[in-house]
Amino acid sequence: MSLFQVEIYKLFSTYRTYISLGISVFLMLIIDLGLYNDGKDLFNFLLQSIEENFYIEGHIVNGYLISYLALNTLWVHLPVLVVIVTAYIFSGEFEMGTIRTLLTQPIKRKKLLAAKISAMLLFVFLFMILSGFMALIPSVLFFGSGDVIIFIDGIQFIQESTYLLRYIKALFFATLAMFAFTCMAMYFAIYFRNTLTAILLALGLLIVSTLLQTFVFGFFSHWQPFLFTHHMAKWQLFFVDDVPKQSILQSILFLCVMALFFIVLSFRKFEKMQITE
């Protein structure tokens, strides 16, 4: 077996992986059920202020709208589920003591770490695709499809014919954002050699960055371009009528640089690590 295959086997041999995936699916179904019962009343309340100026017909609450709301609602929760698994890929070896055995084998450290990063990337990709799939397919089956009304920078009316492509693009962008975030958690896991510490640091920075992002006025407003959550949230811009391509490309560049930065730091730390540490 190759190093990558070994890492994949270890990844899917732990209960953390399946619990994380299962919780993601469960949360998506809860949102579907909740909006199935109360979604129409909720949106009638939200649309009261514009009903005098717009004539709205058809199914306001449809599967496309619910798939967007599901991802938007769980955007803070999904990083928690991802980082619990990905941090353990690296720090788990230190906690179990198996890292010393691995480093004494005729295996290049770069290849070992590259295999772990590849396994992490695969998990993030599968997790996000599964989450996106479960947000979309059950919603469409239960509620059908239709035009979508989204509240971003005012009111956005998204035609049914364009929604699916927007959704796919947003999902791939969100996957890149999640990968950049997990690269940061990976570095913390290697540096501190402890899963809980890596998770707390990564989520702590996520919370602080999100909090600073809410201060859009005054001194903190100048910090936004340097906050990774500011760029992670750009997936929502795919649902704006006139998609700001330049802004999205800038965020893609930022997230790629962020991921590369922590990957380089992780390789340097792992290469210099002593077996007796």
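These numbers come from a predicted model, not from an experiment.

A. How the structure looks around empty space enclosed by the protein. In total, this model carries two cavities of 30 Å³ or more according to the counting rule given. Its boundaries defined by the atoms lining it, the largest cavity holds a volume of some 40 Å³. In terms of lining, the largest cavity is formed by Phe90, Glu93, Phe94, Ile99, Leu113, Lys116 and Phe270. Contributions of two or more residues to the lining of the largest cavity are made by helix 4 (78-96) and helix 6 (109-143). Looking at which element gives the most residues to the lining of the largest cavity, the answer is helix 4, with three residues. Partitioned by chemical class, the residues of the lining of the largest cavity number five nonpolar, no polar and two charged. Volume-wise, the second largest cavity comes out at about 30 Å³. What lines the second largest cavity is simply Leu71, Trp75, Met128, Ala170, Leu171, Ala174 and Trp235. At three residues, the largest contribution of residues to the lining of the second largest cavity is made by helix 7 (residues 160-192).

B. The pattern of salt bridges, seen in detail. Inspection of the entire model under this criterion finds four salt bridges. Measuring nitrogen to oxygen at the nearest pair gives 2.4 Å for the salt bridge that ties lysine 10 to glutamate 93. Residue lysine 10 is found in helix 1 (residues 3-11), and its partner glutamate 93 is found in helix 4; the two are separated by 83 residues along the sequence. For lysine 10, a relative accessible area of 31% corresponds to the partly exposed category. For glutamate 93, a relative accessible area of 6% translates into the label buried. Two residues, glutamate 93 and lysine 116, come together in a salt bridge whose shortest N-O distance is 2.9 Å. With glutamate 93 in helix 4 and lysine 116 in helix 6, the pair connects residues that are 23 residues apart, well separated along the chain. Since its relative accessible area comes to 3%, lysine 116 is described here as buried. When salt bridges that share partners are traced, they join Glu7, Lys10, Glu93 and Lys116 into one network.

C. Examining the packing of helix 7 against helix 10 (residues 245-272) more closely. Across the interface, helix 7 lies against helix 10 with an axial gap of 9 Å and an inter-helix angle of 25°. Accordingly, the angle class assigned to the pair helix 7 and helix 10 is roughly parallel. Pair helix 7 / helix 10 crosses with left-handed handedness. Considering only residue class, the contact of helix 7 with helix 10 consists of 22 nonpolar, two polar and one charged.

D. Examining the confidence of the model for the chain more closely. Of the residues in the chain, 87% reach a pLDDT of 70 or more, and the chain-wide mean stands at 84. Taking the mean pLDDT of every element in the chain, the minimum, 76, falls on helix 5 (residues 98-103) and the maximum, 94, on helix 10.

E. Quick look at the nonpolar core. Judged by nonpolar contacts, the single largest core of 82 residues is most densely connected at Phe90, Met120, Tyr163, Phe181, Trp235, Phe239 and Phe270. Among the elements that take part in this core, helix 7 stands out by supplying 19 residues, more than any other. Not counting chain neighbours up to four residues away, the residues in contact with phenylalanine 90 comprise Leu113, Lys116, Ile117, Met120, Met186, Ala189 and Ile190.

F. Representation of the environment of glycine 132. Relative to the helices and strands, glycine 132 is located in helix 6. For glycine 132, the contacting residues outside a window of four places in its chain are Tyr167 and Leu171.

G. Broad picture of the packing of helix 3 (residues 63-73) against helix 6. Packing of helix 3 against helix 6 brings their axes to within 8 Å, and their N-to-C directions diverge by 145°. In this structure, the crossing between helix 3 and helix 6 has a hand that is right-handed. In contact with Gly63, Tyr64, Ile66, Ser67, Ala70 and Leu71 of helix 3, helix 6 contributes Ala135, Leu136, Ser139, Val140 and Phe143. Classifying every residue of the contact of helix 3 with helix 6 gives eight nonpolar, three polar and no charged.

Analysis parameters
- Every chain begins its residue count from 1, and numbering advances along the sequence as written.
- Totals for whole chains, interfaces and linings use every residue, but because this is a predicted model, local features are given only for residues with pLDDT of at least 70 and side-chain atom pairs only at 80 or more, for both listing and counting.
- Heavy atoms throughout the structure, all of them, feed into the side-chain values; hydrogens and water do not.
- Lining residues are defined by having an atom within 4 Å of a point belonging to a cavity or pocket. Those points lie on a 1 Å grid over the protein atoms alone, cavities being sets where a 1.4 Å probe fits but cannot get out and pockets being open sets with protein on both sides within 12 Å along at least five of seven lines.
- Grid points are joined across faces, edges and corners, and a volume is the space filled by probe spheres set on the points.
- Helix and strand definitions follow DSSP, with helices as H or I runs of at least four residues and strands as E runs of at least two, each counted in order from the N terminus.
- For this scheme, ten residues count as nonpolar: Ala, Val, Leu, Ile, Met, Phe, Trp, Tyr, Cys and Pro. Four count as charged, namely Asp, Glu, Lys and Arg, and the remainder, Gly too, count as polar.
- We define a salt bridge as a side-chain nitrogen of Lys or Arg found within 4 Å of a carboxyl oxygen belonging to Asp or Glu.
- With a 1.4 Å probe rolled over the protein chains alone, any residue whose accessible area is under 20% of its type maximum counts as buried; one over 50% counts as exposed, and the rest are partly exposed.
- Convention adopted: a line fitted to C-alpha atoms gives each axis, helices being fitted over their contacting stretch, and angles between N-to-C directions are expressed from 0 to 180 degrees.
- Any angle that is under 35 degrees is reported as roughly parallel, and any over 145 degrees as roughly antiparallel; angles of 65 to 115 degrees are reported as roughly perpendicular and all others as oblique.
- Should the near helix be turned anticlockwise from the far one by less than a right angle, the crossing is left-handed, and should it be turned clockwise, the crossing is right-handed.
- By definition, pLDDT measures how confident the predictor is in each residue, and it falls between 0 and 100.
- By convention a nonpolar core is built from buried Ala, Val, Leu, Ile, Met, Phe, Trp, Tyr and Cys residues, the set being connected through side-chain atoms within 4.5 Å.
- Whether two residues touch is decided by their heavy atoms; if any such pair falls within 4.5 Å, the residues are in contact.

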